[in-house]
Amino acid sequence: MVQPLKGLVVLEMAGLAPAPFAGMILGDFGANVIRIDRTSSISTDVLVRNKRSIALNLKDSKAKQVFIKLCEKADILLDPFRPGVMEALGLGPEIILDRNPRLIYARLSGYGQSGSTVAGHDINYLATSGILDMMGRQGENPYYPMNLLADFAGGGLLCVMGILMALFERVKSQKGQVIDAGLTAGTAYVATFPFLMQKYGLVWNDERGKNMLDGGAHFYETYKTKDGRYMAVGAIEPEFYACLLDKLGFDKEEHIPKQHDKEDWPKMKQKFQDVFLTRTQDEWIAIFAGSDACVTPVLSFKDNTAAFPQPAPALSRTPAKRATYSDQTTFLQPGKHSIDILKEFGVSSKEIQQILASKALLDSNASRL
């Protein structure tokens, strides 16, 4: 079965989470992804499936020429560095696109190519995007959801979206282009819904942690069960809320405050919590099975109750390669495929020997020459 991106060559400059995730997505859907490692690096990247590695010292002129030769035959280049790093190496977009005008040069950086060049991580990009101010419990510090939003949603995933749009446009123009995938801007884009809701005083019209979707409402919350597990409740619509009350055993004659009376939300949270503590998670799963109460168990990768991540979305004719997970993570050794890759790109054995001798190329299987 032919995968949708089969035949595309992706060069992924070794970096942190966003670029490896983008490269993994492209590889999952069939692209030939080659990670460009440093000759001195030891990789702990776990987003390595469907990838190969070549290790080059790009400060060396011979290695630089080899890299340019790879770029001449590539479709996509993933640049995970701060603005100016590739230019300092003499490998910026102007030089590379001159050699290959059809290349899509995708740049992932914290604050974008025209923004700050200081160091940062997911939490910093959330903070400067404006979204972190909206996250967290009432009266507590803003709280960040691991590094999912900026690194992976606003960063790697939106970068892939940009790449796919550029590939589509290239069919018509036969030209590549530069993609500026700034993580801060990407995070702000992902947060368009809460931004507009807050702007117009709809769902987010109060202080952090007192609104419907940020921990304020009793009908959009997590609750502990008798066995120390949790159930997630998201009964927003009135008919779903009515179903929730019924399944929790509230008497129809019992006085229950109106769903959206904010003053009663804390009291109703405590009522809900008291009820959820009377049964185990499995018992609640059985009670809510098949209902529209919008109640689900909080599952875990740790105890294998949640399904392992798979490439998404699913395509009917040309699906991605299914991901497999072993008990032990296998890291991609830098330079593991250097010689094989260079041969595929038309570099002669003599040239390979020369660059190996100069220490500008690393291959752990150099005896194959």
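Cut-offs and rules
Here the residue index of a chain counts from 1 through its sequence in written order. Whole-chain, interface and lining totals are the exception, using all residues; otherwise, since this is a predicted model, local features are given only for residues with pLDDT of at least 70 and side-chain atom pairs are given and counted only at 80 or more. Side-chain descriptors were evaluated using all non-hydrogen atoms of the structure, hydrogens and water having been removed beforehand. UniProt positions are given in the numbering used here, feature names are shortened, and annotations may be inferred rather than shown by experiment. Nonpolar side chains (Val, Leu, Ile, Met, Phe, Trp, Tyr) are joined into patches within 5 Å and like charges within 9 Å, using only residues with over 30% relative accessible area and no salt bridge. Only the protein chains shown count as cover for residues, with accessible areas throughout obtained via the Shrake-Rupley method and a probe of 1.4 Å. The rule for a salt bridge is simple: a side-chain nitrogen of Lys or Arg has to be within 4 Å of a carboxyl oxygen of Asp or Glu. For the purposes of this entry, the term helix denotes a DSSP run of H or I that reaches at least four residues, the term strand denotes a run of E that reaches at least two, and both are numbered from the N terminus. Exposed residues in this analysis have more than 50% of their type's maximum accessible area, buried residues have under 20%, and partly exposed residues fall in between, with area computed by a 1.4 Å probe over protein chains only. The criterion used for residue contact is that any of the two residues' heavy atoms lie within 4.5 Å. N or O atoms within 3.5 Å of each other form a polar contact, as long as, within protein, one can give a hydrogen and the other can take it, and as long as residues adjacent in sequence are counted only when both atoms are side-chain atoms. Should DSSP find at least two bridges between two strands, the strands are regarded as paired. Orientation is described by axes fitted as lines to C-alpha atoms, over the contacting stretch for helices, and by angles from 0 to 180 degrees between their N-to-C directions. Note on angle classes: values under 35 degrees are labelled roughly parallel, values over 145 roughly antiparallel, values of 65 to 115 roughly perpendicular, and the remainder oblique. Note that Gly is not counted as nonpolar here; it falls among the polar residues with everything else outside the nonpolar set of Ala, Val, Leu, Ile, Met, Phe, Trp, Tyr, Cys and Pro and the charged set of Asp, Glu, Lys and Arg. Note on ring pairs: Phe, Tyr and Trp rings are taken, using the six-membered ring of Trp, and paired if centres are within 6.5 Å. Classes follow the plane angle, with under 30 degrees stacked, over 60 edge-to-face and the rest tilted. Definition used: whenever NZ (Lys) or CZ (Arg) falls within 6 Å of the ring centre and also within 35 degrees of the ring normal, the charge is taken to sit over that ring.

The name an unreviewed UniProt entry assigns to the protein is Alpha-methylacyl-CoA racemase, from the organism Rhizopus delemar. UniProt lists a comment for the protein under the heading Sequence similarities (unreviewed entry), and it reads "Belongs to the CoA-transferase III family."

**Quick notes on a nonpolar patch on the surface**
A grouping of Phe195, Leu196, Tyr200 and Leu202 is seen on the molecular surface, where their side chains present a nonpolar patch of about 430 Å² in accessible area. Looking at the secondary structure, you find phenylalanine 195 in helix 8 (residues 192-199). Its relative accessible area of 48% is what places phenylalanine 195 among the partly exposed residues.

**Observations concerning the environment of aspartate 180**
Structurally, aspartate 180 can be placed in strand 6 (residues 177-182). Sequence separation between aspartate 180 and arginine 107 is 73 residues, and the spatial gap between their C-alpha atoms is 5.2 Å. Setting aside chain neighbours within four positions, we find aspartate 180 in contact with Arg107, Ser109, Gly112, Gln113 and Ser114. At a separation of 3.2 Å, a polar atom in the side chain of aspartate 180 contacts the main-chain amide nitrogen of glutamine 113.

**Thoughts on the sheet that holds strand 10 (residues 361-362)**
Strand order in the open sheet formed by seven strands is 6-5-4-1-2-3-10, with mixed pairing between adjacent strands. With one partner strand each, in any of the chains shown, strand 6 and strand 10 form the two edges of the open sheet. Bridge analysis of strand 2 (residues 32-37) against strand 3 (residues 51-56) gives five bridges, and the strand direction is parallel. Across the sheet, valine 33 pairs through a bridge with lysine 51, a residue of strand 3.

**Focus on the packing of helix 5 (residues 122-129) against helix 6 (residues 148-173)**
Running from amino to carboxyl end, helix 5 crosses helix 6 at an angle of 80°, the nearest separation of the two axes being 7 Å. By the criterion of interaxial angle, the relationship of helix 5 to helix 6 is roughly perpendicular. Residues Asp122, Tyr125 and Leu126 of helix 5 lie in contact with helix 6, whose contacting residues are Leu148, Leu149, Ala150 and Asp151. Its residues assigned to classes, the contact of helix 5 with helix 6 comprises five nonpolar, no polar and two charged.

**A look at the packing of aromatic side chains**
Counted according to the given criterion, the structure contains 13 aromatic pairs. Consider the rings of phenylalanine 219 and tryptophan 265, whose centres lie 5.7 Å apart with planes at 90°: the pair is edge-to-face. One end of the pair, phenylalanine 219, is in the loop between helix 8 and strand 7 (220-224); the other, tryptophan 265, is in helix 10 (residues 265-276), and 46 residues separate them in sequence. Take phenylalanine 219 and tryptophan 265: they sit in the same class, and that class is buried. On the basis of an interplanar angle of 40° and a centroid distance of 5.7 Å, the ring pair of phenylalanine 250 and phenylalanine 272 is categorised as tilted. Pair noted here: phenylalanine 250 is in the loop between helix 9 (238-247) and helix 10 and phenylalanine 272 is in helix 10, with a separation of 22 residues, a long-range link. In this structure phenylalanine 272 comes out as buried when scored by relative accessible area, which is 0%. Grouped by ring-pair contacts, the aromatic residues Tyr223, Phe250, Phe272, Phe276, Trp284 and Phe288 constitute a single cluster. It is lysine 199 that lies over the ring of tyrosine 200; its NZ or CZ is 5.8 Å from the centre. Just above the ring of tryptophan 284 sits the side chain of arginine 279; from NZ or CZ to the centre is 5.3 Å.

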